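# An overview of the molecular structure
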Amino acid sequence: MFCVRCGREGPTYENLCSVCFLENNVFTSVPDHVDLVGCAHCDEYLIAGKWGQFRSLEDAVRCAATTSIATRKGAKVDEINAEILPQDSRNFLVTIDTKVKYQDLLVSEHLETVVRLKGGVCPRCSKIMGSYYESILQVRTRDRALSEEETERILKEIEAKVDDASKSSRDTFISKVEEMHGGLDIYLSSNSLGKSLSRDLVEKYGAEVKESSSLVGQKDGKEIYRVTHLVRLPSYRVGDIILQTERPYLIGGIGSKGTRLVDLRTHESMNISNADLRSAQVIGNKDEALEAVVLTETEKELELMDPRSYKTLGVKKTQGFKRRGEVVRAFPYEGDLLLLPNWLQKKE
Ligand SMILES: [Zn+2]
Ligand SMILES: [Zn+2]
């Protein structure tokens, strides 16, 4: 046998002598880049389609690089030496020296690749995280069930806030939502999330919050508590008409500092602390106001036709009251008609 290139006599490999054959062939190769997915919550890494545990990131990087080595058909990798040179916290240059056997030849080759670390969640953790929670936000309403419309609106608001917060913290999520007892139970990944969401509800709806916690176990020698934030929304909403100390008031606005009430007999408005309104009783809503035809009007009084009985009914005008047409809007209370304030005289 002789080499078809240099004519040397001796054993040949694909018609070449060993020198010519080795000059013209490579036996191993690696891609330019190898992506390594690491679980954000544990020490598992995804390599060649399989999740596995590694003692260190370095071990996982080495494994990702060496697993990516492709060998020529018929060649067998005998020895691998990989060195890792971190370029930054997520990119690692890996230099690999291999010894490869091909038939009776022994070849040394040098390879280089960059392993890029990517974030991910392993299936095990995504399962654990899926039902994991540190805090429950219970949303209830005093004296009545949460309506479907309120439930939907509050849930949407909470989901939007959690979504926003999760952009800066991966560990922020809603585990589970349960609608129950005329309210909502929202299971949250962290207690600080429960705290800030309940604070938002206080701010926006004048709710009260009660916190309770229970010991659920230990982790790294620290006791783990699960905190329940029970948020009670007031029984009234903006636009409701309530009885407070036996006087009818319209709820003009609700905030963390208090609730704005409009006295329906005088149209005077005032702020009352939410705590002072706990015994308030809802008797209706502005939308239940009736339209009454004005028969005559003097400086101080209106004579209305009561739409309930078609009888004439005298009603005292409040200071600055202005009607917008032949009818006025008034809330029926006992035998009276209570004029709605000016800004509600026109139907929205
Ligand atoms: Zn040759
Ligand atoms: Zn994991």
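Within any chain, residue numbers begin from 1 and follow the written order of that chain's sequence. Starting at A for chains and at 1 for ligands, labels are handed out in the order in which the entities are written. Local features in this predicted model are restricted to residues whose pLDDT is 70 or higher, and side-chain atom pairs enter the listing and the counts only when it is 80 or higher, whereas totals over whole chains, interfaces and linings include all residues.

## With respect to the domain arrangement of the protein
Reported domain spans reflect what an automatic or database domain assignment gives. Examined at the domain level, the protein breaks down into domain 1 (18–122), domain 2 (132–227), domain 3 (234–287) and domain 4 (289–348). One C-alpha centre belongs to domain 2, the other to domain 3, and the line joining them spans 27 Å. Contact residues are listed per partner, giving nine residues for domain 2 and seven residues for domain 3. Counting from the N terminus, the helices are DSSP H or I runs at least four residues long and the strands are E runs at least two residues long. Sort the elements by how many residues they give to the side of domain 2 that touches domain 3 and helix H5 (residues 191–205) lands first, with three residues. Residue composition of the side of domain 2 that touches domain 3, grouped by class: three nonpolar, two polar and four charged. Once C-beta atoms are placed from the backbone, any two residues with those atoms within 7 Å are in contact. Put simply, Ala, Val, Leu, Ile, Met, Phe, Trp, Tyr, Cys and Pro go in the nonpolar bin, Asp, Glu, Lys and Arg in the charged bin, and everything else, Gly too, in the polar bin.

## Remarks on the nonpolar core
Side chains that are nonpolar tend, in soluble globular proteins, to be buried together. Buried Ala, Val, Leu, Ile, Met, Phe, Trp, Tyr and Cys residues whose C-beta atoms connect them within 7 Å together make up a nonpolar core. The burial label depends on the number of other C-beta atoms within 10 Å of a residue's C-beta. Counts of 20 or more mean buried, 12 or fewer mean exposed, and intermediate counts mean partly exposed, with C-beta atoms placed from the backbone. With 39 residues, the main nonpolar core has Leu137, Val139, Tyr249, Leu264, Ala330 and Phe331 as its most contacted residues. Sequence-distant contacts of phenylalanine 331, defined by excluding residues within four places in its chain, comprise Ile241, Leu264, Gly284, Glu288, Ala289, Leu338 and Leu340. Ranked by size, the runner-up nonpolar core spans 13 residues in total, among them Leu36, Ala60, Val61 and Val115.

## Some words on the sheet that holds strand S12 (residues 208–219)
What makes two strands pair is DSSP finding at least two bridges between them. Across the sheet, which stays open at both edges, the five strands sit in the order S10-S11-S9-S13-S12 with mixed pairing between neighbours. Looking at the sheet topology across the chains shown, the edges are occupied by strand S10 (174–180) and S12. Adjacent strand axes in the sheet meet at a mean angle of 15° when their direction is disregarded. Of the strands in this sheet, strand S9 (135–141), strand S11 (183–188), S12 and strand S13 (222–233) touch H5, which is tilted by about 15° from S13. Axis lines are fitted to C-alpha atoms, over the contacting stretch for helices. Their N-to-C directions set the angle, which ranges from 0 to 180 degrees.

## Considerations on the pairing of S11
Relative to S11, S9 runs antiparallel, the two being bridged by five bridges. From the neighbouring strand, isoleucine 136 faces S11, where its bridge partner is tyrosine 187. Here S10 runs beside S11; their pairing, made up of six bridges, is antiparallel. Counted as the bridge partner of valine 177 is isoleucine 186 from S11.

## Structural notes on the packing of helix H4 (residues 148–166) against H5
For the pair H4 and H5, the least separation of the axes is 11 Å and the interaxial angle reads 135°. In this view, H4 runs oblique relative to H5, as classed from their interaxial angle. The interaxial crossing formed by H4 with H5 has right-handed handedness. Along the contact surface, H4 presents Ile158, Lys161, Val162 and Ala165, while H5 presents Leu193, Leu197 and Asp200. A per-class count over the contact of H4 with H5 returns five nonpolar, no polar and two charged. Angles below 35 degrees are treated as roughly parallel, those above 145 as roughly antiparallel, those between 65 and 115 as roughly perpendicular, and all remaining angles as oblique. Note on convention: the crossing is left-handed when the near helix lies turned anticlockwise from the far helix by less than a right angle, right-handed when the turn is clockwise.

## A few points about unusual backbone geometry
In the Ramachandran plot, threonine 245 falls in the positive-phi region, its phi being about 45° despite a non-glycine side chain. Along the chain, threonine 245 turns up in the loop between strand S14 (240–244) and strand S15 (247–254). Classification of threonine 245 as exposed rests on a count of 8 C-beta atoms within 10 Å. Residue tyrosine 310 is not a glycine yet carries a positive backbone phi of 60°. Checked against the element boundaries, tyrosine 310 lands in the loop between strand S20 (301–305) and strand S21 (312–316). With 8 C-beta atoms counted inside 10 Å, the residue tyrosine 310 sits in the exposed group.

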